[in-house]
Amino acid sequence: MLRTILRLAADLGTIRCEELARALNTSPELVRLALAELARRDYLQAVAPDCSTACEHCPLRAAFLYRRQPRVWVITRKGAAAMGDRRIHFGLTHVSDRGQF
Amino acid sequence: MNRMPEPAQQERMLLVGLAGQPNVGKSTLFNLLTGLSQHVGNWPGKTVERKEGTLAHNKTRMRLVDLPGIYSLTAHSLEEQVARDFIIQEHPDIIVMVADASSLERNLYLLAELLILHVPVVLALNMLDVAEAQGIQIEAHVLEAALGLSVVPIVATRNQGLAELVAATGHLASNPDTFHPARPQIAAPHRQVLEQLKEMVAGQVPAPFDPDWVALKLLEGDAEITRKAKGWAGKLVWPGIEVLLRAHEDAVLDIASGRYEWIGRMVRAAVTRPRFGQVSLTDKLDRFAVHPLWGLVILFSVFAAVFWLTFTLAVPLQEWLDVTVIGQAREAARHLLADEPGWLAALVAEGILGGAGLVLTFLPVLALFFGALALLEDTGYLARSAYVMDRFMHALGLHGKSFLPLFLGFGCNVPAVMGARVIESRSGRLLTILLAPLVPCSARLVVLAFLTPAFFGTAALPVALALVVLNLLVLALVGIMLNQTLFRGQHMAFIMELPLYHMPNARAIGAFVWNNTWAFARKAGSFILLASVVVWALSYFPTGTLEQSYLARIGQTLAPLGGLMGMDWRMLVALIAGFVAKENVIATLGILYGQGGGGLAHTLAAQVTPASALAFLTVTLLFIPCLATVAVMRQETGSWRWTLFDVALLLAIALGAGILVYHGAIFLGMRG
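Since this is a predicted model, take the numbers as computed values, not measurements.

Check the secondary structure of chain A and you find 4 helices and 3 strands. Reading chain A from its N end, one meets helices and strands in the order α-β-α-α-β-β-α. Here chain A holds 101 residues, and 42% of them are scored as buried. Considering only contacts in chain A between residues 6 or more positions apart, those separated by 24 or more positions represent 50%.

This is the structure we're talking about:
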């Protein structure tokens, strides 16, 4: 199931929890649990914060579109490696990977 | 059930652990079962509270230990470690696991881990009333059959089902051989590896640890067990185990998958969820709202509706304020200051009222615009539009992860640039920062909303929408270009959870509109006022006539460039003034073009040709960002090189697009 989640996300580029639940013939609640597990084990990374608990200094809080934002996870290097997916890249090409840009 | 048993009647004392996640009613159940027999201490060597109590059932006494609320047994937290150690070290006769029936999936994960520890479990299915209120039906006997263990429905807050729970616990304690639960299995790819590992650790694991459980935890990557096993196995055996574990680092995916598939089977067997209400409504609406084609159509229609509302309701009000309020105020100022030096009357009437005063008339436009966006945001639609746009950006080869901060740019480019912090890769963050100024911010949209009706009358709405689409197309093209050159086409994969649709909250929307319009008013009274005075001074001195002013001299040196886009020097100066703040574009136009009886809109319509106007609006949307955005770009990139590169790139794009649009418009027959 967890591998299928990673595979579907990698193949489709962007996928919603509900679509994952349908594809896996399970409930969105179980998919959320699986996503949390994948994030806890560094196969996914949450990139859009759940703003219900956003801190006062969050840059998104200064904007007006922060209260009902989608929660977003992205496949990490470890997640891509687990699938042997070479299409997902994380390194830099012409931009320095250290220090400032 | 008797909380104060007579010792003489007792035959045996059972050790029972009460496990469960936080907030499932475990403490309520513990209090009801043990009453006054409780005593509280700490777990040995830990700061976690340990609560114990006793109760009796028939001739059996039970020592009940309330374990800390935990989500799993992975020993990630002190509480989880305490619970795990209790089960392994103290060998409870029974674990009563309390589960929240309204969130069964989440609770079954803990049960899956308890069953792997081979401890007898009774499942107390609490909060059935809450589940039923949510329309969730759980068939306890079906769940019991599927799990292969006792499932006792209870409502702890009403003291319901407690006697049955104690009886089931006593029965299992008396008949431990009847406990044959359906345990989760590791998914196929790593079953053989687990067997191999079991053989390797057999004989190495000391009591009270179960070798099979240790093997599973090793394969799962459990840090604490790995550390212990390294010591147990010693230098001879451990290297072989380590090689095997390294070769199967991702086995945890198959172990956890086995648990999730097991949970899925149990829930499918015993749980029926409602097909009505908010979730179902969200599903129905999302069939269209996030559809690849209809989603885009809806998104475009929604933004068109926002512009239509702005043009229909707010722009006429703005024009009335401009002509009536500001116009009369200027007349009054000229009249009152008639005996004062000429420059003073001109400063107040043209510089302050004609500049910053004019900008203040946009309060209704902004209020409506912010109100519409807040409404869309509060209903949950904006999250869908982000999803639709994300697909769109993927299709165009843009860096998909950038959608969130870029979307914030519709409000203001400053948080859009700052919002790029959520992107962990430097390249992705940089690309997002470089693209953020190309998102038409609310200030630029206000300029658009004001000028398009002035220039294009009834055709204002399609023209404004076309310009916004053009703006987004340029953003996409620049994204593709940068992505293919500097960033070599990175492919990112996302999983997104969209919020449910929601009835908007009028108070929240009102507060949001107030905060933003008030912030705008303060800006008009500070930065824009100062900039207006400076622009006015440059346009007035040294002779008191615009044509011979300092600004005219500066502007006329730029006139050849403006000529390529059909703009006179005043329009170029207005664009440059927008660098301080985009609203200054209108303030400067107000000062430089003056305002006749019909207000600035009519003055501009009379003096600027449609082709020039179109080029001017295009350049306004694509022009270099405001000073605040540039400063934040420098701060976030930490590099003047990238900041100036982006400013130069945007300048070139804006001027190039202006020239193309102007000549294209003339080619298509527009008056130049």
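From this point, the discussion proceeds with the structure in view.
This paragraph deals with the overall build of chain B. Scanning chain B from terminus to terminus reveals 28 helices and 10 strands. Residue burial in chain B is summarised as follows: out of 672 residues, 49% are buried. Summarising the internal contacts of chain B: among those between residues at least 6 apart in sequence, 74% fall at separations of at least 24.

We now examine the environment of Gly525 of chain B. Residues and elements named next belong to chain B. Turning to its location among the elements, Gly525 is positioned in helix α21 (residues 506-540). Judged by the 13 C-beta atoms lying within 10 Å of it, Gly525 falls in the partly exposed class. Along the primary structure Gly525 and Gly357 are separated by 168 residues, whereas in three dimensions their C-alpha atoms are 8.7 Å apart.

We now examine the nonpolar core. Residues and elements named next belong to chain B. Membership of the largest hydrophobic core comes to 233 residues, with the highest contact counts inside it found for Met97, Val122, Leu123 and Ala124. At 11 residues, the largest contribution of residues to this core is made by helix α10 (residues 251-270). When residues no more than four places from it in sequence are discounted, the contact partners of Ala124 are Leu29, Val96, Met97, Val98, Ala99, Val152, Ile154 and Leu165.

Once that is clear, we can look at the sheet that holds strand β2 (residues 39-42) of chain B. All names here are of chain B. An order of β2-β3-β4-β1-β5-β6-β8 is seen for the 7 strands of this open sheet, with the pairing classed as mixed. The open sheet has two free edges, formed respectively by β2 and β8 (151-153), since each of these has just one partner strand. Each strand axis lies, on average, 25° off the axis of its neighbour in the sheet, ignoring direction. Here strand β1 (residues 12-20) pairs with strand β5 (residues 94-100) via 5 bridges, running parallel. Looking at β5, one finds that Leu18 is bridged to Val96. Running at roughly 155° to β1, helix α2 (residues 78-90) makes contact with β1, β4 (60-66) and β5 of the sheet. Its contacts with the sheet put helix α3 (residues 104-116) on β1, β5 and β6 (121-126), and the angle it makes with β5 is roughly 165°.

Right, let's talk about unusual backbone geometry for a bit. Most peptide bonds are trans, and most residues other than glycine sit at a negative phi. The omega torsion across Ala207 of chain B and Pro208 of chain B is 10°, close enough to zero to call that bond cis. Relative to the helices and strands, Pro208 of chain B is located in the loop between α7 (191-201) and α8 (211-220). Along the chain, Phe541 of chain B connects to Pro542 of chain B via a cis peptide bond; the corresponding omega equals 5°. Residue placement: Pro542 of chain B occurs in the loop between α21 and α22 (550-564). A positive phi is found at Asp42 of chain A, a non-glycine position, where the angle reads about 70°. When you line up the elements, Asp42 of chain A lands in the loop between α3 (28-40) and β2 (44-48). For His118 of chain B, which is not glycine, the phi dihedral falls at a positive 60°. Along the polypeptide, His118 of chain B turns up in the loop between α3 and β6.

Attention shifts here to the packing of helix α23 (residues 569-577) of chain B against helix α24 (residues 584-593) of chain B. All names here are of chain B. At their nearest, the axes of α23 and α24 sit 7 Å apart, and the two run at 145° to each other. In the crossing of α23 with α24, the sense of the turn from one axis to the other is right-handed. Contacts between α23 and α24 involve Arg570, Val573, Ala574, Leu575 and Ala577 on the former and, on the latter, Asn584, Val585, Thr588, Leu589, Leu592 and Tyr593. Per-class residue counts for the contact of α23 with α24 are 8 nonpolar, 2 polar and 1 charged.

We now examine helix α13 (residues 342-360) of chain B. Residues three or four positions apart in an α-helix share a direction because the helix packs 3.6 residues into each turn. The principal kink in α13 of chain B, of about 40°, is found at Leu353 of chain B. Across the 19 residues that make up α13 of chain B, a large majority, 15, are buried.

Moving on: the packing of helix α14 (residues 363-379) of chain B against α21 of chain B. Describing two packed helices takes the angle between their axes plus the distance from one axis to the other. Residues and elements named next belong to chain B. One way to put it is that α14 packs onto α21 with a least axis distance of 9 Å and a crossing angle of 145°. α21 is crossed by α14, and the crossing has right-handed handedness. Contact with α14, carried on its side by Leu363, Leu366, Ala367, Phe370, Gly371, Ala374, Leu375 and Asp378, involves Ala508, Ile509, Phe512, Val513, Asn516, Thr517, Phe520 and Ala521 of α21 and no other residues of that element. Of the residues that constitute the contact of α14 with α21, the class distribution is 12 nonpolar, 3 polar and 1 charged.

Residue and element names in this part refer to chain B. Counted residue by residue, β6 has 6 buried out of 6 residues, so it is predominantly covered. Because side chains alternate across β6, one face comprises the buried residues Val121, Leu123 and Leu125, and the other comprises Val122, Ala124 and Asn126, equally buried. Judged from the 6 bridges that link them, β5 and β6 form a sheet pairing that is parallel. Bridge pairing in β6 places Val98 opposite Ala124. Read from β5 through α3 to β6, the crossover connection turns out right-handed.

One can find Ala611 of chain B in helix α26 (residues 610-622). Separated by 56 residues in the primary sequence, Ala611 of chain B and Phe667 of chain B have C-alpha atoms spaced 9.8 Å apart.

Moving on, we come to the confidence of the model for chain A. Residue and element names in this part refer to chain A. For chain A, the mean per-residue pLDDT works out to 68, and 59% of the residues sit at or above 70. Within chain A, no element has a lower average pLDDT than β2, which sits at 74, and none a higher one than α3, at 87. The model gives residues 61-65 a pLDDT under 50, and that stretch makes 21 contacts with residues more than four places away or in other chains. Here residues 88-101 is a poorly scored stretch, pLDDT under 50, and it has 32 contacts once near neighbours within four places are set aside; other chains count.

All names here are of chain B. Relative to the assigned elements, Gly563 resides in helix α22. In this structure Gly563 comes out as partly exposed when scored by C-beta crowding, with 13 C-beta atoms within 10 Å. When the C-alpha atoms of Gly563 and Ser612 are compared, they prove to be 9.4 Å apart, with 49 residues separating the residues in sequence.

Our focus in this paragraph is the confidence of the model for chain B. On average, residues of chain B score 83 in pLDDT, and 92% of them are at 70 or above. Every residue in residues 4-10 of chain B is under pLDDT 50, and counting partners more than four places away or in other chains gives 7 contacts.

Reading the values: the criteria
- Residues numbered from 1 in each chain as written.
- Chains lettered and ligands numbered in written order.
- Predicted model: local features only at pLDDT ≥ 70, side-chain atom pairs only at ≥ 80, totals over all residues.
- Helix = DSSP H or I, 4+ residues; strand = E, 2+ residues; numbered from the N terminus.
- Buried ≥ 20, exposed ≤ 12 C-beta atoms within 10 Å, placed from the backbone.
- Contact = placed C-beta atoms within 7 Å.
- Core = buried A, V, L, I, M, F, W, Y, C linked by C-beta atoms within 7 Å.
- Pairing = 2+ DSSP bridges.
- Axes fitted to C-alpha atoms, helices over the stretch in contact; angles between N-to-C directions.
- Left-handed = near helix turned anticlockwise from the far one by under 90°.
- Nonpolar A, V, L, I, M, F, W, Y, C, P; charged D, E, K, R; others polar.
- Bend = angle between axes of the 7 residues up to and from the residue.
- Right-handed = clockwise from strand over helix to strand, strands pointing away.
- pLDDT = per-residue confidence, 0-100.

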